[in-house]
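Letter by letter, the chains look like this.
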Amino acid sequence: ERIPVDAPVAVIGLGRFGAATAGQLNRLDREVLAVDTNPALVQKWADRVTHTIEADARNPEALRQIGIGEFQIVVVAVGNLEASVLITANLVDLKVPQIWAKASTQSHGKILARIGANHVVYPEAQAGTRVAHLVSGRLLDFIQFDDDYAIAKLYPPKVIRDKPLGRSVVRTKYRVTVVGVKSPGKEFTYATEETVITNHDLVIVSGHVGDIERFASLDR
Ligand code: ADP
């Protein structure tokens, strides 16, 4: 089922994760209904998102009264395992077509997926992996997509410097693609076959995570 790009979103739970999600959706001009059991949080968010409601989403009747079944996209941003499982099950019962749920552990995520959550996100695990890549010092920035694919910012290894990119066989040999280049004091530009990278530049590469890691560990 195709969901309109402007479909309203319900966010259940206004903790750190849910609040960030609801706040960003609001900045993206999306209609947001935020639900929390905590009246202070509901009050705090009342003028920052379209609607706020104090309710316990574990209760199917409460969800029905709020009209959650009308939403095509619902985010379950509750960390507590039992509550998040119950809420997700309620949303599946209400036939919400797109359920996003936050999991705190892999087991939690497995249960949510098994119940019927369409997208399971692991904010802590993901942030930890990312920070490890940054702390290791080889990558200056790192964004990982599904299926092990990523984009990273790094200092260029010797193998791609001082000759046109087209001649460095970086794609066939290291299975990464140089997407962009930033020279000091300039904006990022797209890399072409003719681009010559120097040791003062930064590069953006894309590829599988393991390939990017191997590429980033080459001599600089
Ligand atoms: P984070 O780690 O992102 O801060 P928390 O799990 O600490 O997430 O916060 C979850 C939020 O969800 C809290 O604000 C809490 O009041 C709310 N919440 C917990 N249980 C329910 C529920 N059954 N229905 C609605 N909101 C809930």
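Criteria and cut-off values
- Residues numbered from 1 in each chain as written.
- Predicted model: local features only at pLDDT ≥ 70, side-chain atom pairs only at ≥ 80, totals over all residues.
- Buried ≥ 20, exposed ≤ 12 C-beta atoms within 10 Å, placed from the backbone.
- Helix = DSSP H or I, 4+ residues; strand = E, 2+ residues; numbered from the N terminus.
- Pairing = 2+ DSSP bridges.
- Right-handed = clockwise from strand over helix to strand, strands pointing away.
- Near = placed C-beta within 6 Å.
- Nonpolar A, V, L, I, M, F, W, Y, C, P; charged D, E, K, R; others polar.
- Domains from an automatic or database assignment.
- Core = buried A, V, L, I, M, F, W, Y, C linked by C-beta atoms within 7 Å.
- Contact = placed C-beta atoms within 7 Å.
- Axes fitted to C-alpha atoms, helices over the stretch in contact; angles between N-to-C directions.
- UniProt positions renumbered as here; feature names shortened; annotations may be inferred.
- Expected span 1.5 Å × (residues − 1).

- As recorded by an unreviewed UniProt entry, the protein chain carries the name TrkA family potassium uptake protein and is attributed to Pseudoclavibacter caeni.

1. Overview of the pairing of strand β1 (residues 9-12)
Point 1. By the alternation rule, side chains of β1 split into Val9 and Val11 and Ala10 and Ile12, which are all buried.
Point 2. Two strands pair when backbone bridges link them, and β1 and strand β2 (residues 32-36) are joined in this way by four bridges, in the parallel orientation. The partner of Val9 across the bridge, within β2, is Val32.
Point 3. Following the backbone out of β1, through helix α1 (residues 16-27) and into the adjacent parallel β2, one traces a crossover that is right-handed.
Point 4. Sheet topology note: the β1/strand β4 (residues 73-76) ladder contains four bridges and is parallel. Along β4, the bridge assignment pairs Val9 with Ile73.

2. Quick look at the site of the ligand
Point 1. In the vicinity of the ligand lie 20 residues, with Gly13, Gly15, Arg16, Phe17 and Gly79 positioned nearest.
Point 2. Broken down by secondary-structure element, the contributors of at least two residues to the shell around the ligand are α1 and β2.
Point 3. At three residues, the largest contribution of residues to the shell around the ligand is made by α1.
Point 4. Class assignment for the residues of the shell around the ligand results in nine nonpolar, seven polar and four charged.

3. Points about the domain arrangement of the protein chain
Frequently, the measure chosen for interface size is the accessible area that the parts lose on association.
Point 1. If you check the domain split of the protein chain, you get domain 1 (9-121) and domain 2 (126-216).
Point 2. A separation of 37 Å is found between the C-alpha centroids of domain 1 and domain 2.

4. Quick look at the nonpolar core
Point 1. Counting residues in hydrophobic clusters, the biggest one holds 34 residues, and the most contacted among them are Ala10, Val11, Ile12, Ala22, Ala34, Val74 and Val76.
Point 2. Those residues in contact with Val11 that sit more than four places away from it in its chain are Gly18, Thr21, Ala22, Val32, Ala34, Val75 and Ala77.
Point 3. Among the nonpolar cores identified, the runner-up in size contains 20 residues, and Val178, Val181, Val203 and Val205 belong to it.

5. Let's talk about the sheet that holds strand β9 (residues 176-182)
Point 1. Taken together, the five strands give an open sheet; going across it, the order is β7-β8-β11-β9-β10, and neighbouring strands pair in antiparallel fashion. For this open sheet the edge positions go to β7 (141-144) and β10 (188-190), each flanked by a neighbour on one side alone. Looking at each pair of strands side by side, their axes are set apart by 25° on average, direction ignored.
Point 2. Two strands pair when backbone bridges link them, and strand β8 (residues 149-154) and strand β11 (residues 202-208) are joined in this way by six bridges, in the antiparallel orientation. The residue bridging Ala152 from the neighbouring strand is Val205, located in β11.

6. Focus on the UniProt feature "domain: RCK C-terminal" (unreviewed entry) in the protein chain
Point 1. UniProt's entry tags residues 137-220 with the feature "domain: RCK C-terminal" (unreviewed entry), counted in the numbering of this structure.
Point 2. A helix fraction of 15% and a strand fraction of 32% characterise residues 137-220, whose end C-alpha atoms lie 12 Å from each other.

7. Details of helix α6 (residues 123-135)
Point 1. Over its 13 residues, α6 extends 18 Å from the first C-alpha to the last, a length consistent with the 18 Å expected when each residue adds 1.5 Å.
Point 2. Once α6 finishes, Gly137 follows within two positions and takes phi at roughly 85°, a positive value.

8. Some thoughts on the pairing of β9
Point 1. Here β9 runs beside β11; their pairing, made up of six bridges, is antiparallel. Each bridged residue has a counterpart across the sheet, and for Val178 the counterpart in β11 is Val205.
Point 2. With three bridges connecting them, β9 and β10 associate as antiparallel partners. The residue bridging Lys182 from the neighbouring strand is Phe188, located in β10.

9. Quick notes on the sheet that holds β2
Point 1. Taken in spatial order, the six strands line up as β3-β2-β1-β4-β5-β6 in an open sheet, and their pairing is parallel. Each edge of the sheet is formed by a strand with only one pairing partner; in this case those strands are β3 (51-54) and β6 (119-121). In this sheet, adjacent strand axes meet at a mean angle of 15° when their direction is disregarded.
Point 2. Looking at chain direction, strand β5 (residues 98-102) and β6 are connected through three bridges and run parallel. Paired with Trp100 across the two strands is His119, which belongs to β6.
Point 3. Those strands touched by helix α4 (residues 81-93) are β1, β4 and β5, and its axis lies near 175° from that of β5.

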